[in-house]
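Residues per chain, in single letters:
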Amino acid sequence: MNYKYTSKSVDDTLELAQNLESEKFPGMVICLNGDLGSGKTVFVKGFAHALGIEDNITSPTFNIVKEYLMGEMPLYHMDVYRINENEDFGVEDYFDKDGVVIIEWAELIQDRLPVERLEINIKIIDDDTRIIVFKPFGDKYEELCNAVL
Ligand SMILES: Nc1ncnc2c1ncn2[C@@H]1O[C@H](COP(=O)(O)OP(=O)(O)O)[C@@H](O)[C@H]1O
Ligand SMILES: [Mg+2]
């Protein structure tokens, strides 16, 4: 089942991410898809701040992965937009760590994603409005969507 949320502002998206954070667990994988400027990084910001990470969150464009280890749980933030087709940055290694992995542009590495994950697709409607669709893969993510949305 898919879940749909309409965000009317940056604050709505931050709050949504914060609510998901409250259901976090070690090994959680969140895959973000959506056009440039749809709000993927805004979502990561909300999640990171809820974890207690105070750093300024920006997309890890040059090194693909940024690790934030100062929060309640490690956060591994990836942006694979500029990844080369066969480039191997060891994404699989992060799925086994006891933290949360959030991947911007995850659809570009579709065949390397774990079977169990939460996919989030953000669609730009107008300047301030976004339709955010959640697609859980696996019971844990299904329950999480039920709890939060
Ligand atoms: N409802 C909304 N949710 C998230 N971002 C929004 C929203 N409305 C407007 N925005 C704007 O959209 C942009 C999203 O940027 P960003 O998160 O960097 O996108 P992405 O990482 O998907 O490329 C920001 O400039 C933000 O202010
Ligand atoms: Mg981004």
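Details of the structure are given in the entry above.
Description of the structure in this document. It should be emphasised that the depicted structure is a prediction, and the values quoted were computed from it without experimental measurement. (Residues numbered from 1 in each chain as written. Chains lettered and ligands numbered in written order. Predicted model: local features only at pLDDT ≥ 70, side-chain atom pairs only at ≥ 80, totals over all residues.)

**Here we look at the environment of C145**
Thinking step 1. Mapped onto the secondary structure, C145 falls in helix α4 (residues 139-148).
Thinking step 2. C145 sits in the partly exposed class, given 18 other C-beta atoms within 10 Å.
Thinking step 3. For C145 and F134, which are eleven residues apart along the polypeptide, the C-alpha to C-alpha distance reads 7.6 Å.
Thinking step 4. In contact with C145, not counting residues within four places along its chain, are Y3, F134 and P136. (Helix = DSSP H or I, 4+ residues; strand = E, 2+ residues; numbered from the N terminus. Buried ≥ 20, exposed ≤ 12 C-beta atoms within 10 Å, placed from the backbone. Contact = placed C-beta atoms within 7 Å.)

**Side note on the pairing of strand β5 (residues 100-104)**
In summary, the side chains of a regular strand alternate between the two faces of the sheet.
Thinking step 1. Of all five residues that make up β5, five are buried, and the element is covered over most of its length.
Thinking step 2. Sheet analysis places strand β2 (residues 29-34) next to β5, joined by four bridges and oriented parallel. Residue I30 lies in a different strand from β5, and its bridge partner there is I102.
Thinking step 3. As defined by bridge partners, strand β4 (residues 75-79) adjoins β5 across five bridges and the pair is classed as parallel. Each residue of the ladder has a partner; that of M78, found in β5, is I103. (Pairing = 2+ DSSP bridges.)

**So, the site of ligand 1**
Thinking step 1. Taken together, 16 residues sit near ligand 1, with T13, G39, K40, T41 and V42 positioned nearest.
Thinking step 2. Of all the elements in the fold, those that place two or more residues in the shell around ligand 1 are α1 (10-21) and α2 (40-50).
Thinking step 3. By residue class, the composition of the shell around ligand 1 is three nonpolar, eight polar and five charged. (Near = placed C-beta within 6 Å. Nonpolar A, V, L, I, M, F, W, Y, C, P; charged D, E, K, R; others polar.)

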